[in-house]
Amino acid sequence: MDEVIQVTQWLSSITPRKKAKLFFFTTHADAPSPMVGSNDVDTHEETQLPLATTVALHNFKNIDEFLKKKVNTFSCYNVIENEITKTDYEYLRFYSACKYLDVVPPFLDLEKISAIQNKFEMTDEERDYRLLLDSADLVLEKVCDSLKPAGVSQMWTALRKDRNLIRGVKTIDIIGFFVDPNPTGIKECLFFFIVRFLQKADKINRVNTNRLERLIAQCDESSSCEEGKTIDFIIDSLRFYPTELYPFGFCLIMCVIEGRDGAMQEIEKTMEISRHLGMITHTEKNPTKETIELVKKELMKPKYQFYSSFTCWFMSHGDSNSMVLADGETIEREWFLTSFPDISTFQLKPKVFFMVSCRGANKFSLKGDEFEGQSATCDYYDIGSALIRNRMLDITDSVRDISYVQPMMDTLVAYSTILDHLSGRANTHGSIYVDRACVLMSENISRGRSLTEILEHLSQDLHEILQETMDEDRIVYKQACHYDSFFRKTLKLPYTRHPKEDFHSAPQ
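- Going by an unreviewed UniProt entry, the chain carries the name Caspase and comes from Penaeus japonicus.

Below is the structure:
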């Protein structure tokens, strides 16, 4: 059968909603650039004009043409060995999106996909199409699915009111002020246009979604949300790191075995829990400084850009500042922790470090005869049999105590800035940190938010603000806040907003 006919039949079998989603996933906003084969031309028209014209004309002709062009490009594409190109990324994104939406063209060359995966040095586990999907785009798809056409229309109206943001943007004018998003697929096209527009304008990314959240917050809940969904529910979905589908992320396990009893059990347990969480795992036994440098170099390879999170377990002996490696050499813990987050493949993605080593010799000792011989580190406990508990200690009530508590337990220390850095102030409002913290806590009363959720949102909010020193140099800077948590339970704000107390009235 003629290829043109095949493409036409394939497009005719796809619903308008799926066409909009396929276009959205294929025009991934954070595609690596510059790449081999990329001419660094602004792709504004390529990614937004088809959406704009589809919304304005209620006609999918331009999106169909875009998809045809992609298919034709891939059909003519020759996979070049040992050279990763922009088309390689696009081919993999297109294939994974088609697979996810169940619209894979029957004529798509799967051998080319396998050849591209070989260039990325992907293992068998990494050839799962779900790895190639961008988790942030999947979250945005779910947000779109949770909104009715009226809700997206209200977001568009709110966006149009921001004159400074939309001034001079031709695609905005193409759509116009009043939009009918009710025809099938038009709601999706309008929502995805809003998202891509905000991304191209550097107003949102996979971590910073405040601007999109504010648009959604202006919607009328009764007319904008699909059944069973609320504005709060939709906004909540944007306040988690996007880690949709499999795999959850990449897990690196580094463990010094020499001189550490039970080290192999540590490896087995961490491997099992990481796999149970849906992570792809790599283990390095008895790491040296050379091993660590090689691992860092490995993690900079292009394939790791497809992962949505990074987790590292580092298990060794150590002291207050250092960790002991397999060859007896030591590395500074701070050096280790600050070197991995710089890896570009995991930028704007959650990175979690479990640092398992001593940090000194002091102990919080408990005195009394009732504690003698009681220890959860003894080996007389039965081993559980269910799933990952089959190699875990069975901690019995005889070794549990709630009357003696470390002083720092149940404490959360929030810092307005990081070590050695400024904490900004405004001439009229005082501390920027205090101001933003109070605003966010006030906004989130009655929403069931936890304090740590608000502090994470505060960290995002505060770090977006450009500040200026008050001295003669007038230096512009950003501020980063953080917190150390020793919580054993989640602390939520009250559900009831209490009225302001009248300090001038007499006590009753």
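A word on the overall build of the chain
And then number 1: Tallying secondary structure elements over the chain gives 20 helices and 12 strands in all.
And then number 2: Per-residue burial for the chain yields a buried fraction of 42% across its 508 residues.
And then number 3: Across the chain, contacts joining residues at least 24 apart in sequence account for 73% of those joining residues at least 6 apart.

What about the confidence of the model for the chain?
And then number 1: Model confidence for the chain is summarised by a mean pLDDT of 83, while 85% of its residues fall at 70 or above.
And then number 2: At the low end of the mean pLDDT range in the chain sits strand E8 (residues 425-426), at 72; at the high end sits helix H2 (residues 16-26), at 96.
And then number 3: Counted against residues more than four places away or in other chains, residues 31-42, with its pLDDT under 50, gives 14 contacts.
And then number 4: Below a pLDDT of 50 lies the segment residues 497-508, which in the model reaches 2 contacts outside its immediate sequence neighbourhood of four places, other chains included.

Some words on the pairing of strand E3 (residues 310-315)
And then number 1: With 6 of its 6 residues buried, E3 lies for the most part within the structure.
And then number 2: Neither face of E3 is exposed, since Phe310, Cys312 and Phe314 on one face and Thr311, Trp313 and Met315 on the opposite face are all buried.
And then number 3: Here E3 runs beside strand E6 (residues 351-356); their pairing, made up of 6 bridges, is parallel. Paired with Cys312 across the strands is Phe353, a residue of E6.

Considerations on the packing of H2 against helix H8 (residues 135-146)
And then number 1: It is at 11 Å that the axes of H2 and H8 come closest, and there the two elements cross at 150°. Looking at the two axes, H2 sits roughly antiparallel to H8. As H2 runs across H8, the sense of the crossing is right-handed. On the side of H2, the interface is formed by Arg17, Lys21, Phe24 and Phe25, while H8 contributes Asp137, Leu138, Leu140, Glu141 and Asp145.
And then number 2: A per-class count over the contact of H2 with H8 returns 4 nonpolar, no polar and 5 charged.

A closer look at the nonpolar core
And then number 1: By size, the foremost hydrophobic cluster in this structure holds 95 residues, and its most contacted members are Trp10, Phe191, Phe336 and Phe340.
And then number 2: At 10 residues, helix H12 (residues 186-200) tops the list of elements feeding residues into this core.
And then number 3: Two domains each provide a minimum of three residues to this core, namely domain 1 (1-28 + 44-239) and domain 2 (249-364 + 406-486).
And then number 4: Excluding residues within four positions of it along the chain, Trp10 makes contact with Leu22, Leu67, Val71, Phe94, Cys98, Val103, Val104, Pro105, Pro106 and Phe107.
And then number 5: Among the nonpolar cores identified, the runner-up in size contains 13 residues, and Leu412, Ile432, Leu440 and Leu462 belong to it.

Some points on the side chain of Glu141
And then number 1: Inspection of the secondary structure assignment puts Glu141 in helix H8.
And then number 2: Non-local contacts of Glu141, meaning those with residues more than four positions away in its chain, are made with Lys21, Phe25, Tyr100 and Phe192.

Considering the packing of aromatic side chains
And then number 1: In this structure the tally under the stated criterion is 25 aromatic pairs.
And then number 2: Between the aromatic rings of Phe25 and Tyr100, the centroid separation amounts to 5.7 Å while the plane-to-plane angle is 80°, which identifies the pairing as edge-to-face. Of the two residues, Phe25 is situated in helix H2 and Tyr100 in helix H5 (residues 86-101); the sequence distance between them amounts to 75 residues.
And then number 3: Seen in terms of ring centroids, Phe250 and Tyr307 are 5.4 Å apart; in terms of plane orientation they differ by 70°. Their pairing is edge-to-face. Of this pair, Phe250 sits in strand E1 (residues 249-255) while Tyr307 sits in the loop between helix H17 (289-299) and E3, placing them 57 residues apart in sequence.
And then number 4: Overall, the relative accessible area of 5% leaves Phe250 in the buried class.
And then number 5: Three or more aromatic residues link up through ring pairs in this structure, and these residues are Phe250, Tyr304, Tyr307, Phe310, Phe314, Phe336, Phe346 and Phe353.

Some words on the state of the cysteines
And then number 1: By the definition in use, this model includes 0 disulfides.
And then number 2: Cys251 carries a free sulfur, and the closest cysteine sulfur to it, the one in Cys312, is 7.6 Å from it.
And then number 3: Assessed through its relative accessible area of 0%, Cys251 is described here as buried.

A short note on the environment of Ile14
And then number 1: Mapped onto the elements of the fold, Ile14 is located in the loop between helix H1 (3-12) and H2.
And then number 2: The spacing of Ile14 and Asp102 is 88 residues in sequence and 9.4 Å in space, taken between C-alpha atoms.
And then number 3: Those residues in contact with Ile14, other than ones at most four positions away along the chain, are Lys19 and Val103.

Some remarks on H8
And then number 1: Relative to the 16 Å expected for 12 residues at 1.5 Å per residue, H8 spans 17 Å between its end C-alpha atoms, a close match to the ideal helical length.
And then number 2: Buried residues of H8: Ser135, Ala136, Asp137, Leu138, Val139, Leu140, Glu141, Val143, Cys144 and Ser146, and no others.
And then number 3: Those residues of H8 that are buried lie in contact with H2, H5, H12, helix H13 (210-217), helix H14 (221-224) and helix H15 (231-237).
And then number 4: Where H8 begins, one side-chain oxygen reaches toward the backbone nitrogen of Ala136, 3.2 Å away; that side chain belongs to Asp134.

Concerning a nonpolar patch on the surface
And then number 1: On the surface, Val352, Phe354 and Val356 cluster together into a nonpolar patch covering about 200 Å² of accessible area.
And then number 2: Within the secondary structure layout, Phe354 lies in strand E6.

Some details on the sheet that holds strand E2 (residues 279-285)
And then number 1: In spatial order, the strands read E2-E1-E3-E6; together these 4 strands make up an open sheet with parallel pairing. Looking at strand neighbours, the two that pair on one side only are E2 and E6, the edges of this open sheet. For this sheet, the mean angle separating the axes of adjacent strands, direction not counted, is 10°.
And then number 2: Here helix H16 (residues 263-276) sits on the sheet in contact with E1, E2 and E3, set at roughly 165° to E2.

Remarks on the pattern of salt bridges
And then number 1: Tallied over the full model, the rule gives 22 salt bridges.
And then number 2: A salt bridge links Lys70 to Glu90; the nearest nitrogen and oxygen atoms lie 3.3 Å apart. Within this pair, whereas Lys70 is found in helix H4 (residues 61-76), its partner Glu90 is found in helix H5, the two being separated by 20 residues in sequence.
And then number 3: For Lys70, a relative accessible area of 8% puts it in the buried group.
And then number 4: Linked through salt bridges whose partners overlap, the residues forming this network are Arg17, Lys21, Glu141, Asp145, Lys187 and Glu188.

Parameters and conventions
Residues numbered from 1 in each chain as written. Predicted model: local features only at pLDDT ≥ 70, side-chain atom pairs only at ≥ 80, totals over all residues. Heavy atoms only, no water. Helix = DSSP H or I, 4+ residues; strand = E, 2+ residues; numbered from the N terminus. Buried < 20%, exposed > 50% of the residue type's maximum accessible area, 1.4 Å probe, protein only. Contact = heavy atoms within 4.5 Å. pLDDT = per-residue confidence, 0-100. Pairing = 2+ DSSP bridges. Axes fitted to C-alpha atoms, helices over the stretch in contact; angles between N-to-C directions. Parallel < 35°, antiparallel > 145°, perpendicular 65-115°, else oblique. Left-handed = near helix turned anticlockwise from the far one by under 90°. Nonpolar A, V, L, I, M, F, W, Y, C, P; charged D, E, K, R; others polar. Core = buried A, V, L, I, M, F, W, Y, C linked by side-chain atoms within 4.5 Å. Domains from an automatic or database assignment. Phe/Tyr/Trp six-rings, centres within 6.5 Å; stacked < 30°, edge-to-face > 60°. Disulfide = S-S within 2.5 Å. Expected span 1.5 Å × (residues − 1). Polar contact = N/O pair within 3.5 Å; in protein donor to acceptor, adjacent residues only side chain to side chain. Patch = residues over 30% accessible without salt bridge, like charges linked within 9 Å, V, L, I, M, F, W, Y side chains within 5 Å. Areas by Shrake-Rupley, 256 points an atom, 1.4 Å probe, with all protein chains shown as cover. Salt bridge = Lys/Arg side-chain N within 4 Å of Asp/Glu carboxyl O.

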